[in-house]
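# Results of the structural survey
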Amino acid sequence: HDTEISPRVLATLRRAMDAGVRVVIATGRNIPGVRHFAERMGIGGPAIAQQGGLIFDLDTGVELRRLHLPHALACELVGLEHARPDLHTVLYKHDRLFVTNAEYFAASAHLVGFAPTHAPDLCAVIASEDPDKVLFMVEPEQTASVLTEITALVGARATVVQSHAQFVEVN
């Protein structure tokens, strides 16, 4: 929860890798967030990021596979923020994060690994290219109900998960 890797986990990973076990990171984070942990753990090769929506080779920098959210769905989702100010929206597009409320996220940048870019219109950010995912940051006591609401809205068009006590993600 503090985004740190304990010395015990690092030692265990090192023993496993020294014994020939191939360790692959699988996470909801995007590549800049993955790199931070991969460097700390001494892991290279393929990494699974963005809840499985991106497979990337850390050694070569080659993107092996990327899934996108359809533009119409993404715009529908980011538009919820206007009607629901309790939904703090983060739009993931390649290695960048975009938000409409930079002040709110300034205190939460440690959760995603770096500060997002302020954009007053998130739908305009993806006018030329579909995003990777949309994340809603909410108060922990709201997460379950927001997860249910967003899952019902999205239906079979994408996958909705709770990835943190305060995060509901659409991938």
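This text follows the structure it describes.
Residues numbered from 1 in each chain as written. Predicted model: local features only at pLDDT ≥ 70, side-chain atom pairs only at ≥ 80, totals over all residues. Heavy atoms only, no water.

Let us look at the overall build of the protein. Secondary structure summary: the protein contains seven helices and nine strands in total. Since a compact globule built from 171 residues should have a radius of gyration of about 16 Å, the 17 Å found for the protein is in line with a globular shape. Counting only C-alpha atoms, the protein reaches 55 × 35 × 30 Å along its principal axes. Burial statistics for the protein: of 171 residues in total, 43% are counted as buried. A sequence separation of at least 24 residues applies to 53% of the contacts in the protein between residues at least 6 apart. Taking the average place of the 14 positive charges on the side chains of the protein and the average place of its 20 negative ones, the gap between the two points comes to 8 Å. (Helix = DSSP H or I, 4+ residues; strand = E, 2+ residues; numbered from the N terminus. Rg over C-alpha atoms; globule rule 2.2 N^0.38 Å. Buried < 20%, exposed > 50% of the residue type's maximum accessible area, 1.4 Å probe, protein only. Contact = heavy atoms within 4.5 Å. Lys, Arg positive; Asp, Glu negative; His and termini not counted. Charge placed at Lys NZ, Arg CZ, Asp CG, Glu CD.)

Examined against the element boundaries, Asn101 turns out to sit in the loop between β5 (96–99) and α4 (102–106). Taking C-alpha positions, Asn101 is 9.6 Å from Pro116, a pair spaced 15 residues apart along the chain. Here Asn101 is in contact with His88 and His118, once residues within four sequence places are set aside.

With 12 residues, helix α1 (residues 7–18) extends 16 Å between its outermost C-alpha atoms, agreeing within 8% with the 16 Å of an ideal straight helix rising 1.5 Å per residue. Along α1, the residues that are buried comprise Leu10, Leu13 and Met17. Buried residues along α1 cover an arc of 65° about the axis, so they all sit on one side. Away from its buried face by more than 90 degrees, α1 exposes Pro7, Arg8, Arg15 and Asp18. The elements touched by buried residues of α1 are α2 (31–41). (Expected span 1.5 Å × (residues − 1). Arc of directions from axis to C-beta.)

The next thing to look at is the pattern of salt bridges. Counting across every chain of the model gives seven salt bridges. The partner of Glu169 in a salt bridge is Lys133, and the shortest N-O contact between them spans 2.4 Å. Here Glu169, found in strand β9 (residues 167–170), pairs with Lys133, found in strand β7 (residues 133–137); they are 36 residues apart in sequence, far enough to count as distant. Both residues of the pair, Glu169 and Lys133, count as buried. Bridged by salt links that share partners, the residues Glu63, Arg66 and Asp132 form one connected network. (Salt bridge = Lys/Arg side-chain N within 4 Å of Asp/Glu carboxyl O.)

Turning our attention to the sheet that holds strand β2 (residues 54–57). The three strands lie next to each other as β1-β2-β3, forming an open sheet whose pairing is antiparallel. Taken across any chain shown, the strands that pair with only one partner, and hence form the sheet edges, are β1 (46–49) and β3 (63–66). In this sheet, neighbouring strand axes are inclined to one another by 15° on average, regardless of whether the strands run parallel or antiparallel. (Pairing = 2+ DSSP bridges. Axes fitted to C-alpha atoms, helices over the stretch in contact; angles between N-to-C directions.)

Let's shift gears to the sheet that holds strand β8 (residues 160–164). Read across the sheet, six strands follow the order β6-β5-β4-β7-β9-β8 without closing on themselves; strand pairing throughout is mixed. This sheet does not close on itself; its edge strands, each paired only once, are β6 (117–118) and β8. With five bridges joining them, strand β4 (residues 88–93) and β7 adopt antiparallel strand pairing. Bridge pairing links His88 to Met137 in β7. Along the sheet, helix α7 (residues 143–154) contacts β7, β8 and β9; its crossing angle with β8, the most-contacted strand, is approximately 155°.

Let us look at the state of the cysteines. Across all of its chains, the model carries one disulfide by this definition. A sulfur-sulfur separation of 1.8 Å characterises the disulfide bridge that pairs Cys75 with Cys123. Here the S-S torsion is close to 85°, and the disulfide linking Cys75 with Cys123 is therefore right-handed. Of this pair, Cys75 sits in helix α3 (residues 71–83) while Cys123 sits in helix α6 (residues 122–125), and the two are 48 residues apart along the sequence. Residue class for Cys75 comes out buried when judged on its relative accessible area of 15%. The exposure class of Cys123 is partly exposed, given its relative accessible area of 24%. (Disulfide = S-S within 2.5 Å.)

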